[in-house]
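Geometric and topological summary
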Amino acid sequence: MDAGACIIGRLCEESSVIMERNVFMRRAIALAQQSVADSGGGPFGAVVVHDGRIIGEGTNQVTGSHDPTAHAEVVAIRAACTQLGSFSLAGCEIFASCEPCPMCLSAIYWARIERIYYGNTKSDAAAIGFDDDHIYREIALPISERAIPTEQLLADEAMAAFRAWEDSDDKIEY
C-alpha cells in the first residue's frame, strides 16, 4: 500500500469515528430536547456507550421523580449498569448534552467510565439558571468553611462498620 492510500485510509477511519461520536451526541441532545417537551425535567440528556452501542440512556428526571440525584448522567449510568449487570462501566464512554455537574462527574468516576463527551458547557447551563459553580467552590473549601454546617459525630462507633468491611472475606471491592 502506498503512503497516500494509507493517509486516506486513516482519514476515513478517523472521520468514521467522529461521525459515530456525533450520532451518540445527537442522541443525548435529542433526549435533552425530549425532556423539555415532555416536561419531565431539565434540558439534559445522556447516553452510555460500550463497544459502539448505546447501553444506557437518561434524561433529567429531578422534578418528575422528586429525586435531586436523577440527573441525566446518573440515570444513564444506572441503566447501563443494569444492562451490563455490573457496577463497573470500564470500557464505556458517556455522551452528555451538557458538561457534567460535580455530582455527575463523581458518578462517572465511580463507574469507571473512560471518556466523557459533552455538548453545552457549565457556563451555558449557568446562563439558563443551572449554576453549579457554587458546588465546585464548596468542594475546594475545608469542611469547616462550607455553607452547609458539617460535623463529625460518633467516629469511633462509625469505624466499626469499616473494621467489619476490612475483616469481611466475602466483600466485593470497588
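See the structure above.
Just so you know, these numbers come straight off a predicted model, no measurement behind them.

Let's shift gears to the overall build of the chain. Counting its secondary structure elements, the chain contains 7 helices and 4 strands. Listing the helices and strands of the chain from first to last along the sequence gives α-β-β-α-α-β-α-β-α-α-α. Against the 2.2 N^0.38 benchmark of 16 Å for 174 residues, the chain shows a C-alpha radius of gyration of 20 Å, more extended than a compact globule. A principal-axis box enclosing the C-alpha atoms of the chain has dimensions of 70 × 45 × 30 Å. Here the chain holds 174 residues, and the buried ones make up 26% of them. Expressed as a percentage of contacts within the chain between residues at least 6 apart in sequence, the contacts between residues at least 24 apart total 48%. Put simply, the chain has 13 plus and 26 minus side-chain charges, and the middle of one group is 4 Å from the middle of the other.

So, on to the sheet that holds strand S3 (residues 92-98). Pairing in this open sheet of 4 strands is mixed, and the strands run S2-S1-S3-S4 from one edge to the other. The open sheet has two free edges, formed respectively by strand S2 (53-59) and strand S4 (115-120), since each of these has just one partner strand. Taking each pair of neighbouring strands and ignoring which way they run, the sheet shows an average axis angle of 15°. Here strand S1 (residues 45-50) pairs with S3 via 5 bridges, running antiparallel. Each bridged residue has a counterpart across the sheet, and for His50 the counterpart in S3 is Cys92. Lying on the sheet, helix H3 (residues 72-84) is in contact with S1, S2 and S3; it crosses S2 at an angle near 140°.

A few words now on the side chain of Asp132. Within the secondary structure, Asp132 sits in the loop between helix H5 (122-127) and helix H6 (133-140). It turns out Asp132 is buried and unbridged, and the closest side chain with the opposite charge, Lys122, is 6.0 Å from it. Excluding anything up to four places from it in sequence, Asp132 contacts Cys101, Pro102 and Lys122.

Now for the packing of H3 against helix H4 (residues 102-111). At a closest axis distance of 8 Å, the pairing of H3 and H4 adopts a crossing angle of 20°. By the angle between their axes, H3 is roughly parallel relative to H4. In terms of crossing hand, the pair formed by H3 and H4 is left-handed. Across the interface between the two elements, Glu73, Val74 and Ile77 of H3 pack against Met103, Cys104, Ala107, Ile108 and Ala111 of H4. Partitioning the contact of H3 with H4 into residue classes produces 7 nonpolar, no polar and 1 charged.

The next thing to look at is the pairing of S4. The sheet contact formed by S3 and S4 spans 5 bridges and is parallel. Within S4, the position partnered with Ala96 by the bridge is Tyr118. In terms of handedness, the path from S3 via H4 over to S4 forms a crossover that is right-handed.

What follows deals with the environment of Asn60. Assignment of secondary structure puts Asn60 in the loop between S2 and helix H2 (62-65). You can call Asn60 buried: its relative accessible area is 6%. On a C-alpha basis, the gap between Asn60 and Ala70 in space is 6.1 Å, while along the polypeptide they are 10 residues apart. Engagement of the side chain of Asn60 in a polar contact is seen with the backbone nitrogen of Gly42, the distance being 3.0 Å.

What follows is about the state of the cysteines. Throughout the structure, instances matching the rule amount to 0 disulfides. Between Cys81, a cysteine without a disulfide, and Cys92, which holds the nearest cysteine sulfur, the sulfur-to-sulfur distance is 8.1 Å. Among the cysteines around Cys101, which has no disulfide bond, Cys104 carries the closest sulfur, lying 3.7 Å off.

Parameters at a glance
- Residues numbered from 1 in each chain as written.
- Predicted model: local features only at pLDDT ≥ 70, side-chain atom pairs only at ≥ 80, totals over all residues.
- Heavy atoms only, no water.
- Helix = DSSP H or I, 4+ residues; strand = E, 2+ residues; numbered from the N terminus.
- Rg over C-alpha atoms; globule rule 2.2 N^0.38 Å.
- Buried < 20%, exposed > 50% of the residue type's maximum accessible area, 1.4 Å probe, protein only.
- Contact = heavy atoms within 4.5 Å.
- Lys, Arg positive; Asp, Glu negative; His and termini not counted.
- Charge placed at Lys NZ, Arg CZ, Asp CG, Glu CD.
- Pairing = 2+ DSSP bridges.
- Axes fitted to C-alpha atoms, helices over the stretch in contact; angles between N-to-C directions.
- Salt bridge = Lys/Arg side-chain N within 4 Å of Asp/Glu carboxyl O.
- Parallel < 35°, antiparallel > 145°, perpendicular 65-115°, else oblique.
- Left-handed = near helix turned anticlockwise from the far one by under 90°.
- Nonpolar A, V, L, I, M, F, W, Y, C, P; charged D, E, K, R; others polar.
- Right-handed = clockwise from strand over helix to strand, strands pointing away.
- Polar contact = N/O pair within 3.5 Å; in protein donor to acceptor, adjacent residues only side chain to side chain.
- Disulfide = S-S within 2.5 Å.

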